[in-house]
Amino acid sequence: MKRAARWWPALIVLVAIAWQFRAPLSGRVYWFEDIAAYFQPLYLAAARQMRFGMLPSWALGAWSGQPLLGDPQLGALYPPNWLWMMVAPVRLYAWLQLAHALFGAAGMWMLARARGRSRPAAAVAALALGLGAFVVLETRHAMFIATTAWLPWVLWAIERYAGERKLEHLAMAAAATALALLGGGWSMLYFGGAVIAGIALAHLLRAGRPPRARVRLAVALLLAGLLGLALSAAQLGPALAHARLSPRAIGVDYTFASSYAWPSWRYLVTLLFPTWYGDVARNTYIGASDQWELCGYSIGVTASILALLSLLDRRRRGERLALFGLCLIALDLARGAGGALHPIFFRHLPLYGALRCPARALYVWVLIGPILAADGLDALAAKIRWPRARTMLAFALVLGVAGELTFTFRSENPSTTLSAARARPEAARWLWQNGRPGRFVDEPHLGQRFHNAGLAWGLDSAGGYSSLPIWRYLHFLYIANHGRVYPHAKLADDLTAQGLWRYSSPLVDLLGVRWVLAPRDRPIRAPGFSRAFAGKDDIDVWKNDEAYPSAFVVYRARAPGDDAAQAQAIAAADFRPHEVAILDRPLASVPAPSAGEMLPPPTALSALAREGPLDLAIGIEARAPGVLVMNEPWYPGWRVTVDGRPATLLRVDYALRGVALSPGRHIVALTYFNAPLAYGGAVSLLALALLCALVLVARRRRLSGGRGL
């Protein structure tokens, strides 16, 4: 009987989570929304490069070239993701969702046990996290689940270290922090960090702890956090460097930053019933966009009631009240502009203004709710005198939480077969056989799953889908589509999935867009375009005979001024990119155009060699001093040589690369070196060595009976 009491709570947790995320267990995969449009293509591109012995640094399959490591959501340096080199990425995606749900639940179980909770109470905590609305609904966003899986382990390590002061727990806190960062869910870490700080502060302020012990504990936890940051520096470096060049660098308009907020307090009901307004998976959702952003924070009715009952226990009641207070702040923030705190936080709290979704503040409940629910079960059980009744109550509550979250208010994430996820339109096969080398773009009406098709298919694409593209290039596409510069001083629109649709723009030709995939009912009507292939699936390929070559020389240039002036110059109706280059700085060797002058024609490249995405060699002859214009984005890290001698990489036509050439034949070579990755990687290696040393010291102290800091 005692043995059964030990294993039945864990068995319920294991079976319930395995049932909810059973798709990979039955050979199926998740392939919908952002999984199809974002994660699978990026995973494929990263795996492709890593198989050739390169870190996924730069890829050509989207945005005419993009820095993969600049987007931490990819998780390129997150070790479990590296299995994409051996397993089909979309299959790996499904397995990782199951693994992270189980691992996060195990972390919450261990945290509850470290807090002195019973096994049934630990099971409730594990179920509330692993089967809560957040983990289920955010299956479509792998980085949030990966980061969430590690945060309970950070809290567990803090709990254990605060009680025992063993170095191995400090090492675990650092390692779990690093892996939470490498997982990529940084916007959730903003609020998860508040929970970690709150619980750590509760330990520091606990009654009876001497002042000197508090100082030692604070220093130790701070050092563990810094070590975790250092361990993840290889990802932090490239991502932070790229952030300065992303759309968020121009700032976020307040109205846009307040989107994805609760439109009214009626959404409070979703903290109990996440499908109150319907369900996206069943096409019944009628609430404000999007369900996973507004309604994805419930831990269920049973667990929520247990969390409130935690106040029955006098021990650590002050900590629980503080955690409930943090949740109340989150509720106000979830209202966005309708709340009292969001406007203040937006203006005065560092980085908060860049987080577009106020409802994500409710993430604190995702972590706090399970902890308090476990406390509540034991507090309730303590009121019952008879052991058998306590056992029956615990069994009923654990089973009730599992049943509620698995069946009553949850729906399934849609799954499909691996072959269906790998299926490609006829147009993709035609492009692979007939369209290389050459850049394509998908017509936006093809739908979300085509946004990053170039990454998935291994082809060069001018469009893309990313939260953090290069801002100048994104603005370049906006100008091409609208014929004007972006009208807002700060980011005020969702431009994450930007393609091309005004094909008469000269910027389309400048990008070398030779092919367009379009649905049959959306024929391309622009000069130079003709249908090249008609697919039986009603997806056609259109050819652009006026597309410019990958590189060419123009013999007139002008530098109109700052970024805004350059953007205005390429948006002008009389802009002729094959005649005049718009430069980011004056160039004395190349004359500016004169009024009424017959401009000399450009010179196309005579040879182009490319062995991979990180290097490019161009053979070209200039008839006079001119500017070589290349149709790939300008970005720090690209180094250029002309005839073997270092040269200055110019930013041409606002967003593209260029280099000044003297008359004659030249070999222009470009290579990409990611300095933030190199420096961050060095820091990570040193931190890893320090972590290993810390583990060895901890082992020696454990064998000798010593204590930690």
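Cut-offs and rules
- Residues numbered from 1 in each chain as written.
- Predicted model: local features only at pLDDT ≥ 70, side-chain atom pairs only at ≥ 80, totals over all residues.
- Heavy atoms only, no water.
- Pairing = 2+ DSSP bridges.
- Helix = DSSP H or I, 4+ residues; strand = E, 2+ residues; numbered from the N terminus.
- Core = buried A, V, L, I, M, F, W, Y, C linked by side-chain atoms within 4.5 Å.
- Buried < 20%, exposed > 50% of the residue type's maximum accessible area, 1.4 Å probe, protein only.
- Contact = heavy atoms within 4.5 Å.
- Expected span 1.5 Å × (residues − 1).
- Patch = residues over 30% accessible without salt bridge, like charges linked within 9 Å, V, L, I, M, F, W, Y side chains within 5 Å.
- Areas by Shrake-Rupley, 256 points an atom, 1.4 Å probe, with all protein chains shown as cover.
- Salt bridge = Lys/Arg side-chain N within 4 Å of Asp/Glu carboxyl O.

Draft legend 1. A look at the pairing of strand E17 (residues 615-622). In terms of strand pairing, strand E16 (residues 607-612) meets E17 through four bridges, oriented antiparallel. What sits directly across from Ala607, in E17, is Gly619. Alignment of E17 against strand E23 (residues 664-672), held across eight bridges, turns out to be antiparallel. When the sheet's bridge partners are listed, Glu621 is paired in E23 with Arg665.

Draft legend 2. The nonpolar core, seen in detail. Counting 217 residues, the largest nonpolar core has Leu500 and Leu628 as the members making the most contacts within it. Filtering out sequence-adjacent residues up to four positions away, Leu500 remains in contact with Val441, Asp442, Pro444, Ala462, Leu477, Ala480, Asn481, Val508, Leu511 and Val513. Counting 17 residues, the second largest nonpolar core, distinct from the first, contains Leu44, Trp515, Leu517 and Phe533.

Draft legend 3. Summary view of the side chain of Gln97. By the secondary structure assignment, Gln97 is in helix H3 (residues 89-114). The class for Gln97 is buried, based on a relative accessible area of 2%. Leave out the neighbours within four places in its chain, and Gln97 touches Phe21, Tyr30, Thr139, Ala142 and Ile145.

Draft legend 4. How the structure looks around helix H7 (residues 167-183). The end-to-end C-alpha separation of H7 is 24 Å, in line with the 24 Å expected for 17 residues at 1.5 Å each. Across the 17 residues that make up H7, a large majority, 13, are buried. Looking one or two residues beyond H7, the residue adopting positive phi is Gly184, at roughly 105°.

Draft legend 5. Focus on a nonpolar patch on the surface. Residues Val215, Val219, Leu222, Leu223, Leu226 and Leu229 make up a contiguous nonpolar surface patch of about 540 Å² in total accessible area. Structurally, Leu222 can be placed in helix H9 (residues 211-231).

Draft legend 6. Quick peek at H9. Over its 21 residues, H9 extends 30 Å from the first C-alpha to the last, a length consistent with the 30 Å expected when each residue adds 1.5 Å. What H9 keeps buried is the set Ala213, Leu217, Ala220, Leu221, Ala224, Leu227, Gly228, Ala230 and Leu231. Looking at the buried side of H9, the elements it contacts are helix H6 (142-164), H7, helix H8 (186-204), helix H10 (233-243) and helix H24 (675-704).

Draft legend 7. Here's a closer look at the pattern of salt bridges. Scanning the model with the defined rule gives 26 salt bridges in all. For Arg117, the salt bridge goes to Asp375, with nearest N and O atoms at 3.2 Å. Within this pair, whereas Arg117 is found in the loop between H3 and helix H4 (119-130), its partner Asp375 is found in helix H16 (residues 363-381), the two being separated by 258 residues in sequence. Side by side, Arg117 and Asp375 carry an identical accessibility label, which is buried. Measuring nitrogen to oxygen at the nearest pair gives 3.1 Å for the salt bridge that ties Arg657 to Glu632. With a gap of 25 residues between them, Arg657 in strand E22 (residues 656-661) and Glu632 in strand E18 (residues 626-633) connect regions that are remote in the sequence. By relative accessible area, which is 0% here, Arg657 ends up buried. Given a relative accessible area of 5%, Glu632 falls into the buried group. Connected through shared salt-bridge partners, Arg115, Arg117, Glu159, Asp313, Arg315, Arg316, Glu319, Arg320, Asp375 and Asp378 make up one network.

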